[in-house]
Amino acid sequence: RRGSVTRMLVSDDLLHRYELLDTWGEPFPADDLPGRRAMRGEQSPEALIRFRERGGDGVVDRWALVRATPVTDDDGAVQFVISSFQDVSAQKRIETSLRLLADAGSVLGRAGDYLETLQELARLLVPAVADWCVVDVLDPASNLRRAAVAHSDPEMLRLAEDAQRRYPPDMEQEGGVGEVLRSGTPRLYPIVSEAQLAEGAVDDEHLALLRLLDLRSVAILPIQARGSVLGALTLIRGHMAVPFSESELPFLEELARRAGAAVDSAR
């Protein structure tokens, strides 16, 4: 009985601190936790679970292979359960990245209007990679054109269109899309501070709009082909997502490189 009480305390703690998700991103039923299955007499149950912890710095996802071993008395009755958690987050990130690259390659490899293709790519990357995906391309006269914007919330898309119309990007601004287009070098902002938002705002109304857009973490990648910069891929995560990190740059740059090859081929 002492072991059973301990098991319940551990399970309750997990359920309060974490949102449990399955491999498809759907809620993982508490009754299907390996520990609970083991208490029901199932032998050596296991499950791959995504643990989403909500804290002050946003949502942090960890993947774990959870196994449970029941300990029984002489009569075979389960007295308590020992659960083990093997962190497989790194493997899952690699697996997800490879799958997304394959899917992106399939999308970008289709013949047709490359602007439609870039919009499809943006939809593919939201929310798998970012909360926002924006693709800008340069036309033959070197004028910047907004080719695609994606967000899971239609209201946020309306706000983005409003911001684009009222406050077009300053191509001379340091550190923004303009600099990436000129230099061909990616820019990563793991955490966008309130001071940075204020610095980039034209006026108070613009600042309020930027806050609503939830620009927490930003990566801007040049879209290039054959030594020429053709545009920029901007990925944005909100306050409930894990910020971008330097370790993600090779994957993000490969996405932009494939987009560049598709634009160049279509043209």
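For the structure itself, look to the data block above.
Residues numbered from 1 in each chain as written. Predicted model: local features only at pLDDT ≥ 70, side-chain atom pairs only at ≥ 80, totals over all residues. Heavy atoms only, no water.

A. Representation of the overall build of the protein in the model. Each helix and strand in the protein was counted, giving nine helices and nine strands. Its C-alpha atoms give the protein a radius of gyration of 23 Å, clearly above 18 Å, the size a compact globule of 267 residues would have. Principal-axis analysis of the C-alpha atoms gives the protein an extent of 80 × 45 × 30 Å. Here the protein has roughly 14,800 Å² of accessible surface; of this, 52% comes from carbon and sulfur atoms. (Helix = DSSP H or I, 4+ residues; strand = E, 2+ residues; numbered from the N terminus. Rg over C-alpha atoms; globule rule 2.2 N^0.38 Å. Areas by Shrake-Rupley, 256 points an atom, 1.4 Å probe, with all protein chains shown as cover.)

B. Representation of helix H5 (residues 154–166) in the model. Spanning 13 residues, H5 covers 19 Å between terminal C-alpha atoms, matching the ideal 18 Å at 1.5 Å per step. Of the surrounding elements, those touching the buried residues of H5 are strand E5 (132–138) and helix H8 (204–212). (Expected span 1.5 Å × (residues − 1). Contact = heavy atoms within 4.5 Å.)

C. Representation of helix H9 (residues 249–266) within the structure. Taking 1.5 Å per residue, 18 residues should reach 26 Å; H9 reaches 26 Å between its end C-alpha atoms and fits that length. The complete set of buried residues in H9 reads Leu249, Phe251, Leu252, Leu255, Ala256, Ala259, Gly260, Ala262 and Val263. (Buried < 20%, exposed > 50% of the residue type's maximum accessible area, 1.4 Å probe, protein only.)

D. Main features of unusual backbone geometry. Cis rather than trans, the peptide bond between Val126 and Pro127 has omega equal to 0°. Summarising the element assignment, Pro127 is placed in the loop between helix H4 (114–125) and E5. Unlike most non-glycine residues, Arg226 shows phi in positive territory, near 50°. Classification of Arg226 by relative accessible area gives exposed; the value is 75%.

E. Representation of the side chain of Glu248 in the model. By the element assignment, Glu248 lies in the loop between strand E9 (228–237) and H9. Among the polar contacts made by the side chain of Glu248, one reaches the side chain of Arg237 at a distance of 2.7 Å. Discounting residues that sit within four places of it in the chain, Glu248 has contacts with Arg237 and Pro243. (Polar contact = N/O pair within 3.5 Å; in protein donor to acceptor, adjacent residues only side chain to side chain.)

F. Up close: the environment of Val180. As for its position among the elements, Val180 is in helix H6 (residues 177–183). Taking the C-alpha atoms as reference points, Val180 and Leu233, 53 residues apart in sequence, are found 9.8 Å from one another. Filtering out sequence-adjacent residues up to four positions away, Val180 remains in contact with Thr185, Arg187, Ile220, Leu221 and Pro222.

G. Fine view of the pattern of salt bridges. Across all of its chains, the model carries 18 salt bridges by this definition. Between Asp162 and Arg165 there is a salt bridge; the shortest N-O distance is 2.6 Å. Of this pair, Asp162 and Arg165 both sit in helix H5, three residues apart, which is roughly one turn of that helix. Taking relative accessible area as the criterion, Asp162 reaches 12% and is therefore assigned buried. The partner of Asp264 in a salt bridge is Arg226, and the shortest N-O contact between them spans 2.9 Å. Pair noted here: Asp264 is in helix H9 and Arg226 is in the loop between strand E8 (217–225) and E9, with a separation of 38 residues, a long-range link. Several salt bridges converge on common partners, so that one network encompasses Asp162, Arg165, Arg166 and Glu205. (Salt bridge = Lys/Arg side-chain N within 4 Å of Asp/Glu carboxyl O.)

H. Up close: the nonpolar core. Leu118, Val135, Leu233, Leu235 and Leu252 are the most contacted members of the largest nonpolar core, which has 36 residues in total. Looking at this core, the elements with two or more residues in it are helix H3 (89–108), H4, E5, strand E6 (144–150), E8, E9 and H9. No other element matches H9, which puts eight residues into this core. Here Val135 is in contact with Leu118, Arg145, Arg146, Ala147, Ala148, Ile223, Ala232 and Leu233, once residues within four sequence places are set aside. Of all hydrophobic cores here, the second largest spans 23 residues; its members include Val180, Ala201, Val218 and Ile220. (Core = buried A, V, L, I, M, F, W, Y, C linked by side-chain atoms within 4.5 Å.)

Without other data, these values stay purely geometric and don't point to any function.
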